Amino acid sequence: MKILLIDPPFGSIEMGGEKKRFAGVENAIPSLGLAYLAAVAEQDGHEVRIHDGTITPDWSAISDLGREFRPEVAGITAKTPSFINCIQSAKVLKEASPGVILVAGGSHPTAMTDHALAADIFDFLVLGEGEETFRELLQKIDNRETDFDTVPGLAFLREGQPVITPPRAPIADLDQIPFPARHLLPPLTAYSPTAASYRRLPLAHVMTSRGCPSRCNFCDRAIFGERYRARSADNVLAEIDEVVNAHGAREIRFFDDTFTINSKRLAAICKGMKTDFSRIPWTCLTKAEAVNLDMLKMMRDAGCWQVLYGLESGDDEVLASLGKNNTVEM
C-alpha cells in the first residue's frame, strides 16, 4: 500500500504568536517516531513517504502530496500543542485524497484518547509504542479484514461509540526494530535544534533506550512506559555509523530520558565512540543520581561535552514534591 506519514505544520507563529517571538530559536528536529514507523512499513513492502510540516509549514504542500501520491493510509503524529494542526492536516488531506484512511498517534492520542476520538476525523488512533500496532493495523487494512478490535493498542469509533483495545506489551528487544528511515526525511541540514545544545551542525538525534523508571509526577510515561529497555551497544554504534557516514551528521544527541542507567552498556558505547567516532561530539540527557565522577570522565574522553540533567528546581522541597528523587546536593 501507499503510506503517507505527516508531522503537522508547526512553526514560529504557533510557538510565539503573530509576533513570532521565538523566531530563530525554534527546536526544529526530525520526528524519530515517524521515521521508525516508516522503517517498519518499508520493511513490510509498503511504499512510504514522510511529510515534515515543521520544515514545510504550509497546508498546500499536504494537499498537493495527497493529490499526487494518493495514499491509502496516512499516519499523523499528534502532540498536544500541535493537535489542532493535526486535525487540520487530516481535513486538508481528506479533501485532496477522499479515500485515505486517517490514523493519529503519538503523545496526545495516547494521553488523551477520548479527546482525540472526539475530533471525529481519525479512523484509528495508535496508542503507546507504535511500531507493532501500526504494522498489524496495516496488515488488517491491506487484507481487507475488519476485526480491528483484536489489535492491541488501538482506539476507534464504532457506530459512534469508542472502542479501546487492551494495551500492547512494550517491545522487549529493541534491536529488532529497523533504524529510523532518515532517507525519507529532509536532510539533517534542514533542521535547527535548540540554540546552545550543539557545537556542530548537522546534528542527529539517536534514541538508544525506551522507558523511564523514574516517578516524576509531572511527566506522562504512557508512550514508552516505566520499564527501562535498552538497545545493545553494537546496535547503537551501527546507527551512529549510518547517521555519520550516510547522512553527514557532525554531532550526536542521545535522546534517551536517562542515557546513563546501564553503566556497562554506557562503557561499551563510549569505547566505540572513542575508537571509531573520536571527532564526533555528543550530548545526552540523564539524572543527577545516575552518574558518578568516573562515569562523567569516561563520557568526556569519548566526546561528550554537555549533559542535561532535568534539574527542575534548586529547592529540595520542590524537588521532593515533584517526585524527582534528586537533591540540591546531588
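Whatever comes next refers back to the structure up there.
Peer 1: Got a minute to help me understand the overall build of the protein in this structure?
Peer 2: From N to C terminus, the protein includes 11 helices and 13 strands. The C-alpha radius of gyration computed for the protein amounts to 20 Å, which stays within 12% of the reference 20 Å derived for 330 residues, consistent with globular compactness. A total of 330 residues make up the protein; the buried ones form 49% of that total. Nonlocal contacts in the protein, meaning residues at least 24 apart in sequence, comprise 69% of its contacts between residues at least 6 apart.

Peer 1: Can you walk me through unusual backbone geometry in this structure?
Peer 2: What is expected of a backbone is that most residues other than glycine have negative phi and most peptide bonds are trans. Cis peptide bonds are those with omega within 30 degrees of zero, and the linkage from L201 to P202 qualifies with 0 degrees. Within the secondary structure, P202 is located in the loop between β7 (161-164) and β8 (203-206). One non-glycine residue, A196, lies in positive phi territory at about 70 degrees. Checked against the element boundaries, A196 lands in the loop between β7 and β8.

Peer 1: Looking at this structure, I do not really get the sheet that holds strand β11 (residues 251-254). What am I missing?
Peer 2: Paired through their backbone hydrogen bonds, the strands of a sheet run either parallel or antiparallel. If you walk across this open sheet you meet the 4 strands as β8-β11-β12-β13, and the pairing is parallel. The open sheet is flanked by β8 and β13 (304-308), the only strands paired with a single partner. Taking each pair of neighbouring strands and ignoring which way they run, the sheet shows an average axis angle of 20 degrees. As paired strands, strand β12 (residues 282-285) and β13 are joined by 4 bridges and run parallel to one another. Note on β13: the bridge partner recorded for L285 is L308. Across the sheet, helix α10 (residues 293-301) touches β12 and β13, and the angle it forms with β13 is around 130 degrees.

Peer 1: For this particular structure, what's the right way to read helix α2 (residues 32-43)?
Peer 2: Side chains that are three or four residues apart share a direction in an α-helix, a result of its 3.6 residues per turn. Here α2 contains 12 residues, and its C-alpha end-to-end distance of 16 Å stays within 8% of the 16 Å for a straight helix at 1.5 Å per residue. Extensive coverage of α2 is indicated by the burial of 9 of its 12 residues. Buried within α2 we find L32, L34, A35, Y36, L37, A38, A39, V40 and A41. Once α2 finishes, G45 follows within two positions and takes phi at roughly 95 degrees, a positive value.

Peer 1: So what exactly am I meant to see when it comes to the sheet that holds β7 here?
Peer 2: A sheet is described by the order of its strands in space; here 7 strands give the open sequence β2-β1-β3-β4-β5-β6-β7, paired in mixed fashion. One side of each edge strand has no neighbouring strand; the edge strands of this open sheet are β2 (47-52) and β7. Taken over all neighbouring pairs, the strand axes of this sheet differ in orientation by 20 degrees on average, direction set aside. Relative to β2, strand β1 (residues 2-7) runs parallel, the two sharing 6 bridges. Its bridge partner being in β2, K2 is matched across the sheet by E47. Along the sheet, helix α4 (residues 83-96) makes contact with β1, β3 (73-77) and β4 (101-105), crossing β3 at roughly 160 degrees.

Peer 1: How do you make sense of the packing of helix α8 (residues 233-245) against helix α9 (residues 263-276) when you look at a structure like this?
Peer 2: Relative placement of two packed helices is described by the angle separating their axes and the distance separating the axes. It is at 9 Å that the axes of α8 and α9 come closest, and there the two elements cross at 35 degrees. Crossing geometry of α8 relative to α9 is assigned as right-handed. In this structure, α8 contributes A233, V236, L237 and I240 to the contact, and α9 contributes R265, A268, I269, G272 and M273.

Peer 1: Explain the pattern of salt bridges to me, please; I cannot follow it from the model alone.
Peer 2: Pairs may arise between side chains of opposite charge once their charged atoms sit close together. Applying the stated rule across the entire model yields 18 salt bridges. Its salt-bridge partner being R182, residue E239 comes within 2.8 Å of it at the nearest N-O pair. One end of the pair, E239, is in helix α8; the other, R182, is in the loop between β7 and β8, with 57 residues separating them in the sequence. Taking relative accessible area as the criterion, E239 reaches 0% and is therefore assigned buried.

Peer 1: Quick question: what am I supposed to make of the pairing of β8 here?
Peer 2: Residues in a regular strand point their side chains to alternate faces of the sheet. Neither face of β8 is exposed, since L203 and H205 on one face and A204 and V206 on the opposite face are all buried. Looking at chain direction, β8 and β11 are connected through 4 bridges and run parallel. Opposite A204, over in β11, you have I252 as the bridge partner.

Peer 1: What's the story with the pairing of strand β6 (residues 154-158) in this structure? I'm lost.
Peer 2: Two elements, strand β5 (residues 124-126) and β6, share 2 bridges in a ladder whose sense is antiparallel. Among the inter-strand pairings, L125 is bridged to a residue of β6, identified as A155. Between β6 and β7, which pair antiparallel and follow one another directly, the connecting turn spans 2 residues, one of which, E159, has a positive phi of 55 degrees.

Conventions we followed
- Residues numbered from 1 in each chain as written.
- Predicted model: local features only at pLDDT ≥ 70, side-chain atom pairs only at ≥ 80, totals over all residues.
- Heavy atoms only, no water.
- Helix = DSSP H or I, 4+ residues; strand = E, 2+ residues; numbered from the N terminus.
- Rg over C-alpha atoms; globule rule 2.2 N^0.38 Å.
- Buried < 20%, exposed > 50% of the residue type's maximum accessible area, 1.4 Å probe, protein only.
- Contact = heavy atoms within 4.5 Å.
- Pairing = 2+ DSSP bridges.
- Axes fitted to C-alpha atoms, helices over the stretch in contact; angles between N-to-C directions.
- Expected span 1.5 Å × (residues − 1).
- Left-handed = near helix turned anticlockwise from the far one by under 90°.
- Salt bridge = Lys/Arg side-chain N within 4 Å of Asp/Glu carboxyl O.

From the geometry alone we can't say anything about function, so treat these as descriptive.
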